[in-house]
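Spelled out from the first residue to the last, the chains are:
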Amino acid sequence: MASLEIHGGNSLMGEIRVQGSKNAALPILSACLLARGVTKLYNCPKILDVYNMIKILENMGCHTQVEDDCVVIDTSPDLSGIISEEDAASMRSSVMLMGAVLGREKYVYLPWPGGCCIGKRPVDLHLNALEKMNVSVEVEETGFCCKTTGLTGADIDFPYPSVGATENVILAAVLARGTTTIRHAAKEPEIVDMCLFLNQMGAQIHGMGTSQIIIHGVKALKSISYTVMADRIVAGTYLAAAAATGGNVLVYDIDEKDIRSTLDALANMGCGIIVQKRQVRVIAPQMILPLESIHTQPFPGFPTDMQSQIMVCLLAARGESTIYENIFEDRFKIVPQIRKMGADVLINENKAVIRGVSALHGSNVCAGDLRGGAALVIAGLMAEGDTKVDGSIYIERGYQDICGDLTSLGADIRRI
Ligand code: EPZ
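Here goes a summary of the coordinates provided. Keep in mind the model is a prediction, meaning the values are calculated, not measured. (Residues numbered from 1 in each chain as written. Predicted model: local features only at pLDDT ≥ 70, side-chain atom pairs only at ≥ 80, totals over all residues. Heavy atoms only, no water.)

**Here we look at the overall build of the protein**
Part 1 of the argument: Along the backbone of the protein there are 14 helices and 23 strands.
Part 2 of the argument: For 416 residues, the compact-globule formula gives about 22 Å, and the C-alpha radius of gyration of the protein, at 21 Å, lands near that figure.
Part 3 of the argument: Taking the principal axes of its C-alpha atoms as reference, the protein extends roughly 65 × 40 × 40 Å.
Part 4 of the argument: The buried share of the protein, reckoned over its 416 residues, is 57%.
Part 5 of the argument: Long-range contacts, defined here as pairs at least 24 residues apart, represent 72% of the contacts in the protein between residues at least 6 apart.
Part 6 of the argument: Accessible surface, the protein as shown: approximately 15700 Å² in total, 50% of it carbon and sulfur.
Part 7 of the argument: The distance from the centre of the 36 positive side-chain charges to the centre of the 46 negative ones in the protein is 3 Å. (Helix = DSSP H or I, 4+ residues; strand = E, 2+ residues; numbered from the N terminus. Rg over C-alpha atoms; globule rule 2.2 N^0.38 Å. Buried < 20%, exposed > 50% of the residue type's maximum accessible area, 1.4 Å probe, protein only. Contact = heavy atoms within 4.5 Å. Areas by Shrake-Rupley, 256 points an atom, 1.4 Å probe, with all protein chains shown as cover. Lys, Arg positive; Asp, Glu negative; His and termini not counted. Charge placed at Lys NZ, Arg CZ, Asp CG, Glu CD.)

**What to know about the sheet that holds strand E10 (residues 179–183)**
Part 1 of the argument: Across the sheet, which stays open at both edges, the four strands sit in the order E9-E10-E12-E11 with mixed pairing between neighbours. The sheet is open, and its two edges are formed by strand E9 (155–157) and strand E11 (204–206), each paired on a single side. Within this sheet the neighbouring strands show an average axis-to-axis angle of 10°, counted without direction.
Part 2 of the argument: Running at roughly 170° to E10, helix H6 (residues 163–173) makes contact with E9, E10, E11 and strand E12 (212–216) of the sheet. (Pairing = 2+ DSSP bridges. Axes fitted to C-alpha atoms, helices over the stretch in contact; angles between N-to-C directions.)

**Notes on the site of the ligand**
Part 1 of the argument: Around the ligand there are 22 residues in total, and Asp124, Leu125, Ser162, Asp305 and Ile327 lie nearest to it.
Part 2 of the argument: Val163 is positioned such that a nitrogen or oxygen atom in its backbone is 2.9 Å from an oxygen atom of the ligand.
Part 3 of the argument: At 2.9 Å from an oxygen atom of the ligand is found a side-chain nitrogen or oxygen belonging to Arg371.
Part 4 of the argument: Its free accessible area being 830 Å², the ligand has 88% of it covered by the protein chains.
Part 5 of the argument: Mapped by element, the contributors of at least two residues to the shell around the ligand are helix H1 (22–31), helix H5 (124–131), H6 and helix H12 (370–382).
Part 6 of the argument: Broken down by element, the shell around the ligand gets its largest block of residues, three residues, from H5.
Part 7 of the argument: Considered class by class, the residues forming the shell around the ligand number nine nonpolar, six polar and seven charged. (Near = heavy atom within 4 Å. Polar contact = N/O pair within 3.5 Å; in protein donor to acceptor, adjacent residues only side chain to side chain. Nonpolar A, V, L, I, M, F, W, Y, C, P; charged D, E, K, R; others polar.)

Structure below.
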């Protein structure tokens with residue numbers, strides 16, 4: 001299992017362009033299935049989750065090609081609606097294929113999608129919504145089979161703004177007969193990017209980015225070329241690393257609206273924030289200020305995907321901070337690991353109380369999930385001495401080249 005070795009103490013300085021968004025690329029790769037033709041996706045991140053999704057598309061019958069600057073997907077062949085156990089287990093996002101495959105093949109079999117250690121990740125909101133669109137769902141022991149005689153539009157009112165469920169309903173609705181209205185839809189920027197992609201293919205989606213989305217079904221869509229948005233969580237991760245190491249980093253080709261809540265948290269921690277057209281600079285304070293309380297929320301609230309990274313920054317704050325993780329039931333996985341480095345963190349259900357310490361010391365730690373792994377890298381950058389982060393494969397699921405990126409900003413880090 002690959003590891004990352006970090007010699008802490010360097011302040012991050014410089015400028016960096018972040019990769020394409022994992023959480024936009026994955027639903028967009030699913031959306032390609034809704035037309036027969038050749039799609040070219042630019043700025044598609046070269047990460048394990050994207051390669052896994054491409055492999056699933058290949059196994060369904062698509063032809064794919066990963067080129068230097070783009071991913072080419074040919075969805076012309078007849079496809080199989082069956083997704084293998086191995087493929088589904090490889091990545092949670094395989095659940096997002098449901099809506100797209102139903103939109104095209106009227107049938108999909110999906111093994112229970114691989115959860116991950118941040119929570120049980122149920123799919124009830126996805127299935128309940130699809131059943132309202134003339135889909136019959138047969139739950140089996142190993143997975144579930146969805147069939148339809150033809151998708152029909154429906155009124156869907158989500159009890160919770162689930163990102164994946166919102167995406168699945170949109171993917172099912174674009175070729176459905178009639179109109180679909182989604183109330184309490186998720187508003188994440190990645191959903192907007194997927195909708196912009198679909199509308200360029202000929203879909204009629206209105207209200208994306210708001211809590212009410214209306215989709216008028218159309219007869220057919222056409223394959224297009226498209227550039228995926230920047231990854232707001234990778235941008236936030238690197239800006240948090242700058243804050244944690246007394247650094248000064250500019251991230252460009254990012255829309256500041258997509259990371260506004262992260263920037264607000266960093267500003268409240270005493271950072272200087274300079275926003276210009278599609279670029280953001282964070283200047284670390286002499287001493288990080290504690291955050292009295294910060295809650296993870298659906299967009300535009302503070303993102304759960306930035307929670308571990310901000311927790312690590314707060315280890316250097318002068319005083320006590322409190323984080324409430326309201327989205328996933330088990331997303332404090334890094335706490336036992338950072339305690340090995342001298343962190344003082346108390347957990348009580350979904351609440352973490354972080355007491356700033358004068359310094360962290362390097363240690364051997366183990367990543368257990370994608371964003372937690374990135375947070376452990378930040379802890380290594382902050383710590384005195386050397387830190388080894390095992391399980392860097394988790395990080396490579398979402399970060400194209402965390403070593404190269406951080407090295408370009410002055411970090412002493414290498415993959416072993
Ligand atoms: C997406 O996951 C992201 N993944 C996650 O990013 C992100 O953390 C999450 O949205 C929240 O922003 C992708 O986009 C590929 P949800 P998703 O459905 O769609 C519960 C990362 O690190 N729920 O909004 O699975 C669920 O258990 C990953 O890039 C149900 O109860 O998130 C969770 O508690 C991690 N029933 C909450 O809703 C359902 O049917 C949020 O889940 C679906 C979800």
